[in-house]
Amino acid sequence: MKSKIKGDYGENAALGYLEAKGYKVLSTNYKAGGGEIDIIAKDGEYIVFVEVKYRQGNAFGGGFDAITPAKVRRIIKSAKTYLYKQNQWESPCRFDIIEIFGREQLEINHIENAFWED
């Protein structure tokens, strides 16, 4: 499976997972500030910025392991741009990671508050 197709597959699975948990999806594949946020959703009062990592297997580690400090900085910069443009600067927010493993039978690991700005 090509990486773009795998990425879309993982993001669609994450969208379904979040919607089933009652999240309201606000945006997908949001690009700003030199980075991209896979999913932006609302969970109660929180605006949640979600990075999705899909792996067909976990032999090379989970998705969390693939997120570098540089990637975190780009996501946070994009999130700040989103909050500013939406006039939501004062809204509580958090950064989550959704790891997805498998092919037909998916295993989803949702890590809330996976990282934050120092």
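Look up: the structure comes first, before these words.
Notes on the structure in this doc start here. (Residues numbered from 1 in each chain as written. Predicted model: local features only at pLDDT ≥ 70, side-chain atom pairs only at ≥ 80, totals over all residues. Heavy atoms only, no water.)

**Some points on the overall build of the protein chain**
Next, step 1: The secondary structure content of the protein chain amounts to two helices and five strands.
Next, step 2: Of the contacts made within the protein chain by residues no fewer than 6 positions apart, 56% connect residues no fewer than 24 positions apart. (Helix = DSSP H or I, 4+ residues; strand = E, 2+ residues; numbered from the N terminus. Contact = heavy atoms within 4.5 Å.)

**So, the packing of aromatic side chains**
Next, step 1: Inspection of the entire model under this criterion finds four aromatic pairs.
Next, step 2: Centre to centre, the rings of Phe 49 and Phe 95 are 5.4 Å apart; their planes meet at 25°, and the pair counts as stacked. Of this pair, Phe 49 sits in strand β3 (residues 46-55) while Phe 95 is found in strand β4 (residues 93-101), placing the two residues 46 residues apart along the sequence.
Next, step 3: Judged by relative accessible area, which is 1%, Phe 49 ranks as buried.
Next, step 4: Looking at Phe 95, the relative accessible area reads 8%, which means it is buried.
Next, step 5: A centroid spacing of 5.2 Å and a plane angle of 25° characterise the contact between Phe 95 and Phe 115, whose relative ring orientation is stacked. In this pair, Phe 95 is assigned in strand β4 and Phe 115 in strand β5 (residues 107-115), connecting sequence segments 20 residues apart.
Next, step 6: Owing to a relative accessible area of 10%, Phe 115 belongs among the buried residues under this scheme.
Next, step 7: Here a set of aromatic residues connected by ring pairs shows up, and it is made of Tyr 30, Phe 49, Tyr 82, Phe 95 and Phe 115. (Phe/Tyr/Trp six-rings, centres within 6.5 Å; stacked < 30°, edge-to-face > 60°. Buried < 20%, exposed > 50% of the residue type's maximum accessible area, 1.4 Å probe, protein only.)

**Observations concerning the nonpolar core**
Next, step 1: Counting residues in hydrophobic clusters, the biggest one holds 17 residues, and the most contacted among them are Ile 37, Ile 40, Phe 49, Tyr 82, Phe 95 and Phe 115.
Next, step 2: Of all the elements in the fold, those that place two or more residues in this core are β1 (24-32), β2 (35-43), β3, α2 (69-85), β4 and β5.
Next, step 3: In terms of residue count, the dominant contributor to this core is α2 (six residues).
Next, step 4: Discounting chain neighbours no more than four positions away, the residues touching Phe 95 are Phe 49, Ile 75, Ile 76, Ala 79, Ile 111, Glu 112, Asn 113, Ala 114, Phe 115 and Trp 116.
Next, step 5: Core analysis: the second largest hydrophobic core is formed by 13 residues, Ala 13, Leu 15, Tyr 54 and Ile 98 among them. (Core = buried A, V, L, I, M, F, W, Y, C linked by side-chain atoms within 4.5 Å.)

**As for the environment of Asp 38**
Next, step 1: Within the element layout of this structure, Asp 38 appears in strand β2.
Next, step 2: Between the C-alpha atoms of Asp 38 and Glu 51, which are 13 residues apart in sequence, the distance is 5.4 Å.
Next, step 3: Beyond its immediate sequence surroundings of up to four residues, Asp 38 is in contact with Glu 11, Ser 27, Thr 28, Asn 29, Val 50, Glu 51 and Val 52.

**Topic: α2**
Next, step 1: The end-to-end C-alpha distance of α2 is 24 Å, a good match for the 24 Å that 17 residues give at a rise of 1.5 Å each.
Next, step 2: For α2, the complete set of buried residues consists of Val 72, Ile 75, Ile 76, Ser 78, Ala 79, Tyr 82 and Leu 83. All buried residues of α2 project into a common sector of 165° when viewed along the axis, lining one side. Facing away from the buried side of α2 by over 90 degrees, the exposed positions are Arg 73, Lys 77, Tyr 84 and Lys 85.
Next, step 3: Where the residues of α2 are buried, they touch β1, β2, β3, β4 and β5.
Next, step 4: Positioned one or two residues after α2, Asn 87 has a phi angle of 55°, which is positive. (Expected span 1.5 Å × (residues − 1). Arc of directions from axis to C-beta.)

Geometric values such as these leave the question of function open.
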